[in-house]
Amino acid sequence: MKIAFYTLGCKVNQYATQALEQLVTQRGHSLVPFEEAADAYVINTCTVTAVSDKKSRQVIRRARKSAPDAVIAVCGCYPQTHPDDVEKLGVDLISGTGDRTGFVDLLEREWSDRQPITALDDAFSRRTFEPLPAGGLEGRTRAMLKMEDGCVNFCSYCIIPYARGRVRSLPLTDCVRQARELEAAGYREIVLTGIEISSWGQDLEGKPELIEAIEAICQGLSPDTRVRLGSLEPDHITDRMIAGLAKIEKFCPQFHISLQSGCTKTLKSMNRHYTADEYADLCRKLRAAFPGATLTTDMMTGFHEETEADFEESLAFAKKIGFEKVHVFPYSQREGTAASKRGDSVPRQEKERRAKKLIAETDKLREVYFDGLVGNKVEVLVEQQQPDGTYTGYTRNYVPVTIHRRDLHIGDLVDVTITGVENADHCIAE
């Protein structure tokens, strides 16, 4: 078969798609771009917001319209939580967030038999971590290593626990082995990721902490392999973890720490397990332990009963922390969550107005940060060559950089000097 993949959503979904790509190619199938003719189109969906659902439906409809005779297969969080909605779209194969190897079996069966298949389980019945091939296909410089799946935080706005189930961790020995295999395959940077990676180890014997896994992984790698963390929950970042990370030279000091709101009243309504003051204290500790570290986050506007004063408090908090980047989105009510039972009290237009204001103000923070980098010497992992001959990559702090040199190669780790900023979007270096 010629198989085309399309991925929506988070890094864990990207990881899953890369694993599926490896599984199908190992069986002799070939990969083609999603825009080209294929025998099967696989859409790995997201359901974190109503907008995510809409995007998933749009991609599914587009695939069916452009290739009426092809197999349309849908997996991921959207069918796991809304299977009836997906069935209405004329999909041939519906799967969820579990058993990826079984999904490949079903894809081959659907191509042969052409009988619609729906294969979904109860996410909360899963007890073990599903091992999958880490990384991606050849030619990539940064690989993801998924260490954890599931979440039991039950934030009042979030559907993900119902899509992913309980916390399940990749055993420590497997974490170390996969990291070494990725390095041996030529990857120069490894991103440790999961649905709620801060909870890694909760289900393992002895309940090891995440810092123990990071230390063990890094000890098994060469000094010039970089290690980065995915999104973290603030209430799981301990003093022990901060002290341990500060001793690891290959660790990239970029922390994406989910905030959602800078207003403690709103955080309590969201069932987040920290206050704004506690979050700010954590940021102070991180900046003290990692001079020059970047702090990035997610923030929501217009959550249930968020007043204008609450929003302004949240905005002021973001400016006080001085985030280097903020992903902003208006609250989207999700059926099946605790918050959905309260109604949606903030009008859509007001949510969007607040989101635009928050984006404008936090974009200024990013501009100031970028401007402050000019003249600095930084290490960049070269990841792509552009049509004009320049190279692009990321610093240890995950700053995008365009390098105006011609003597580089993909996968190089190079020291460059930041000479300018372009469109407040990326830095320029020589």
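Anyway, here's the lowdown on the structure attached to this text. (Residues numbered from 1 in each chain as written. Predicted model: local features only at pLDDT ≥ 70, side-chain atom pairs only at ≥ 80, totals over all residues. Heavy atoms only, no water.)

1. Examining the environment of G201
Inclusion rule: Secondary structure follows DSSP: runs of H or I at least 4 residues long count as helices, runs of E at least 2 residues long count as strands, and numbering of each begins at the N terminus. Residue contacts are defined here by distance: any two heavy atoms, one from each residue, within 4.5 Å place the two residues in contact.
Within the fold, G201 resides in the loop between strand 9 (189-194) and helix 8 (210-219). For the pair G201 and T7, spaced 194 residues apart in sequence, the C-alpha separation works out to 28 Å. The contacts of G201, once residues within four sequence positions are left out, are S169, K207 and P208.

2. What about the sheet that holds strand 15 (residues 391-395)?
We apply this condition: One requirement defines pairing of two strands: DSSP has to find at least two bridges between them. Angular values range over 0 to 180 degrees, each being the angle between N-to-C directions of two axes fitted as lines to C-alpha atoms, with helices fitted over their stretch in contact.
Spatial ordering of the closed barrel is given by 14-15-16-18-17, a layout of 5 strands whose pairing is mixed. Adjacent strand axes in the sheet meet at a mean angle of 55°, parallel and antiparallel pairs treated alike. Pairing geometry for strand 14 (residues 377-385) and strand 17 (residues 413-422), over 5 bridges, is antiparallel. From the neighbouring strand, K377 faces strand 17, where its bridge partner is T417.

3. Quick word on a nonpolar patch on the surface
For clarity, the cut-off: In this analysis, a patch consists of residues with relative accessible area above 30% that form no salt bridge, clustered at 9 Å for like charges and at 5 Å for the nonpolar side chains Val, Leu, Ile, Met, Phe, Trp and Tyr. Method for areas: the Shrake-Rupley scheme with a 1.4 Å probe, in which residue coverage is limited to the protein chains shown. By convention in these notes, a salt bridge is any Lys or Arg side-chain nitrogen within 4 Å of a carboxyl oxygen on Asp or Glu. Relative accessible area decides the class of each residue, using a 1.4 Å probe on protein chains only: under 20% of the type maximum gives buried, over 50% gives exposed, and in between gives partly exposed.
A cluster of nonpolar side chains, contributed by V152, F154 and Y162, occupies part of the molecular surface with about 240 Å² of accessible area. Within the fold, F154 resides in the loop between strand 7 (142-149) and helix 6 (160-164). Residue classification places F154 among the partly exposed residues on the basis of a relative accessible area of 31%.

4. Some words on the state of the cysteines
Stated formally: Disulfides are defined as cysteine sulfur pairs within 2.5 Å.
Taken as a whole and assessed by the stated rule, the structure comprises 0 disulfides. Cysteine C10 remains unbridged, with the sulfur of C46 as its closest cysteine sulfur at 6.5 Å. A relative accessible area of 38% places C10 in the partly exposed class. The structure places no disulfide on C252, whose sulfur is separated from the nearest cysteine sulfur, that of C218, by 9.3 Å.

5. With respect to the nonpolar core
As a reminder, the rule being used: Put simply, buried Ala, Val, Leu, Ile, Met, Phe, Trp, Tyr and Cys residues joined by side-chain atoms within 4.5 Å make one nonpolar core.
The biggest cluster of nonpolar side chains holds 80 residues, and the ones touching the most others in it are M147, L192, L245 and F255. Apart from residues lying up to four places away in sequence, L245 is in contact with I211, I214, L229, F251, F255 and F290. Core analysis: the next-biggest nonpolar cluster, separate from the first, contains 20 residues, A4, F34, A70 and V91 among them.

6. Observations concerning the packing of aromatic side chains
Convention followed: In summary, the pairing rule links any two rings of Phe, Tyr or Trp, Trp by its six-membered ring, whose centres are within 6.5 Å, and it sorts them by plane angle into stacked for under 30 degrees, edge-to-face for over 60 and tilted for everything else.
In total, this model carries 15 aromatic pairs according to the counting rule given. Measuring from ring centre to ring centre gives 6.2 Å for F124 and F154, while their planes differ by 15°; the resulting arrangement is stacked. Placement of F124 in the loop between strand 6 (117-119) and strand 7 and of F154 in the loop between strand 7 and helix 6 is noted, with a sequence separation of 30 residues between them. Judged by relative accessible area, F124 falls into the partly exposed class, the value being 21%.

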